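# Descriptive analysis of the structure
Letter by letter, the chains look like this.
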Amino acid sequence: MKIGLFFGSFNPIHIGHLIIADTMAAATDLEQVWFIVSPQNPFKKNKSLLHEFDRYDMVEKAIADNSKLKVNDVEFSMPKPSYTIDTLTKLQEKFPQHTFKLIIGEDNLGQFKNWKNYEAILQFYGLYVYPRPNASPHEFSDHPAVKFIPAPLLDISATYIRDCLRNNRSIRYMVPDVVEEMIKRKKFYI
């Protein structure tokens, strides 16, 4: 099976994430998309990061009705911060029958050369890239391992959603109803 891996904090998961994942699953040769919930991004230090189990639960609830979308906790047992190449290697060892592709936003290509072993990611896995607003120029436009996928251009962020919650503003339509209910019930981000 060919599987796209969509890494992120998902703090919280929102409709932008879901639309990208669904587009990748429906409009490409990927048979499934796995959300890889990252306990800690090596490029981000975030004081408002919910515990990884809570973020995993929100993703699981958000995708429950789509059989092509899955959530995976592989990074929970890895050293923190975890690096994408290490996670890819671990997943390939655990699931040798699958082919994995990395799903990233075009805004990440500008700094992709800073990623640990980025050449190995290109050589052994490859990238499925979705458009992002204000993406920086990059050198990967014609790279054979980089596939650009047309997808809706959404500029919604988890940071904005957390800010709305802290300021008692609505997050309706930005997150699935089940995620909004969980956030309010557990008083996340307040």
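Residues numbered from 1 in each chain as written. Predicted model: local features only at pLDDT ≥ 70, side-chain atom pairs only at ≥ 80, totals over all residues. Heavy atoms only, no water.

- The name given to the chain in an unreviewed UniProt entry is Probable nicotinate-nucleotide adenylyltransferase, and the organism recorded there is Runella slithyformis.
- The UniProt entry for the chain carries this comment under Pathway (unreviewed entry): "Cofactor biosynthesis; NAD(+) biosynthesis; deamido-NAD(+) from nicotinate D-ribonucleotide: step 1/1."
- Under Catalytic activity (unreviewed entry), UniProt gives the following word-for-word description of the chain: "nicotinate beta-D-ribonucleotide + ATP + H(+) = deamido-NAD(+) + diphosphate". (UniProt positions renumbered as here; feature names shortened; annotations may be inferred.)

### As for the overall build of the chain
- A count of helices and strands for the chain gives six helices and six strands.
- For the chain, the C-alpha radius of gyration of 16 Å lies close to 16 Å, the compact-globule estimate for 190 residues.
- Seen along its three principal axes, the alpha-carbon backbone of the chain occupies a region of about 45 × 35 × 30 Å.
- Taking all 190 residues of the chain together, the buried fraction comes to 51%.
- About 9800 Å² of surface is accessible on the chain, with carbon and sulfur atoms providing 49% of the total.
- Averaging the positions of the 24 positive and the 22 negative side-chain charges in the chain gives two centres separated by 5 Å. (Helix = DSSP H or I, 4+ residues; strand = E, 2+ residues; numbered from the N terminus. Rg over C-alpha atoms; globule rule 2.2 N^0.38 Å. Buried < 20%, exposed > 50% of the residue type's maximum accessible area, 1.4 Å probe, protein only. Areas by Shrake-Rupley, 256 points an atom, 1.4 Å probe, with all protein chains shown as cover. Lys, Arg positive; Asp, Glu negative; His and termini not counted. Charge placed at Lys NZ, Arg CZ, Asp CG, Glu CD.)

### Points about the sheet that holds strand 6 (residues 146-148)
- The six strands lie next to each other as 3-2-1-4-5-6, forming an open sheet whose pairing is parallel. Edge positions in the open sheet fall to strand 3 (69-72) and strand 6, since each of these has one partner strand only. Adjacent strand axes in the sheet meet at a mean angle of 30°, parallel and antiparallel pairs treated alike.
- Sheet analysis places strand 1 (residues 2-8) next to strand 4 (residues 99-105), joined by five bridges and oriented parallel. Considered in strand 4, the bridge of Leu5 is made with Leu102.
- Docked against the sheet, helix 3 (residues 84-94) engages strand 1, strand 2 (32-37), strand 3 and strand 4, running at close to 145° with respect to strand 1. (Pairing = 2+ DSSP bridges. Axes fitted to C-alpha atoms, helices over the stretch in contact; angles between N-to-C directions. Contact = heavy atoms within 4.5 Å.)

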